[in-house]
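Listed below, chain by chain, are the residues.
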Amino acid sequence: MNPAVVGSTVTLSLSPSVTLTSGNWAVEETFILTWLGEQQAVFPGYSGRAFVNVTSGALTLSALTVTDSGLYQVQSGDPLLRASVSLTFLYFPPTEPISNVTLKVNQSDLIEHRASGLINCSVSTGSSLSFRWMNGSSEVTAADRVQFTDGNSSLNIVSVSRYDSGPFRCEVFNPISNGTSDSVNFTLYFYTVNGPDHMRLTVNGLNITAFSAGSNLSMLCLAESNPPAQLQWGFRGNLVNATGTMLELFHVRADQSGPYSCLAFNNRTNLYSNRKKKSTKVPLTKPVNF
């Protein structure tokens, strides 16, 4: 982290890594330490707060002060190399460690395309906070339907779809600590009835609509819905006493020819107007001739 916080500890490492047998570290024109093999010598002013990894040459410097800011350089004769980096150390307001990251959902049961999902992320303690949101293993980024507010601590998904169910979690960071919330999910209620092309009328595995009198007939109605749709069958525009995905007719007669329909109804996505209950019903109709 650059700039770094006064009072913290930094480690400066070479990239790509290399094995060193000797070398020295300095800031500006002041030597910090030198090493040869397993032996290292720390110069006055850095005693007790500077240490070098004698294999990798990585320098660890603790109890940083503002006066430690400057150009840090490492040199080695075996192998021959020199590298440098400029560091700044600043005072920051006291930073409080993060604890107890929690999520609050405004409403967990949502109807697809008719509601927005809002999640708030909070901590019991912590300051100088940064937030990152995850949906499963993927990071959530701002988009047309995805909004971040309150310093990214709130996530709002507008006009939710069935693919917005989660699991969502919040990761919180500050310069000295981090924390992650438990995951939350939305329950999405949706209703999309597959069109007439998906209503299959089958006899002996054949998707046809003309059959011989005396045949046995199985009609299948498909409706994609959460919760599962309630299905009601109709014949010539009138409801018949048959429900469920399958309507079976045995030894059919010629007077049973005509249009059959399937009415699909989702009791969770009902629309109400003027206190009168409106049901969403989509007819799937195909003529059946004998």
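Residues numbered from 1 in each chain as written. Predicted model: local features only at pLDDT ≥ 70, side-chain atom pairs only at ≥ 80, totals over all residues. Heavy atoms only, no water.

The name given to the chain in an unreviewed UniProt entry is Ig-like domain-containing protein, with Xiphophorus maculatus as the source organism.

(A) Spatial organisation of the sheet that holds strand β4 (residues 30-36). The five strands are arranged β5-β4-β3-β8-β9 in an open sheet whose pairing can be described as antiparallel. Either end of the sheet is taken by a strand with one partner, and the two such strands are β5 (39-42) and β9 (80-87). Between one strand axis and the next, the sheet turns by 15° as a mean value, whatever way the strands run. Bridging between strand β3 (residues 22-27) and β4 involves six bridges; their strand directions are antiparallel. Bridge pairing in β4 links Val27 to Thr30. (Pairing = 2+ DSSP bridges. Helix = DSSP H or I, 4+ residues; strand = E, 2+ residues; numbered from the N terminus. Axes fitted to C-alpha atoms, helices over the stretch in contact; angles between N-to-C directions.)

(B) Region of the structure containing the sheet that holds strand β13 (residues 117-122). Taken in spatial order, the four strands line up as β11-β13-β17-β16 in an open sheet, and their pairing is antiparallel. Since the sheet does not close on itself, it has two edges, and those belong to β11 (102-105) and β16 (146-149), each with one partner. In this sheet, adjacent strand axes meet at a mean angle of 20° when their direction is disregarded. Here β11 pairs with β13 via four bridges, running antiparallel.

(C) Summary view of the state of the cysteines. Per the stated rule, a full pass over the model turns up one disulfide. Here Cys121 engages in a disulfide with Cys170; their sulfurs sit 2.1 Å apart. Of note, the bridge from Cys121 to Cys170 carries an S-S torsion of about -85° and is left-handed in sense. Linking Cys121 in strand β13 with Cys170 in strand β18 (residues 168-174), this pair joins segments that are 49 residues apart in sequence. The exposure class of Cys121 is buried, given its relative accessible area of 6%. (Disulfide = S-S within 2.5 Å. Buried < 20%, exposed > 50% of the residue type's maximum accessible area, 1.4 Å probe, protein only.)

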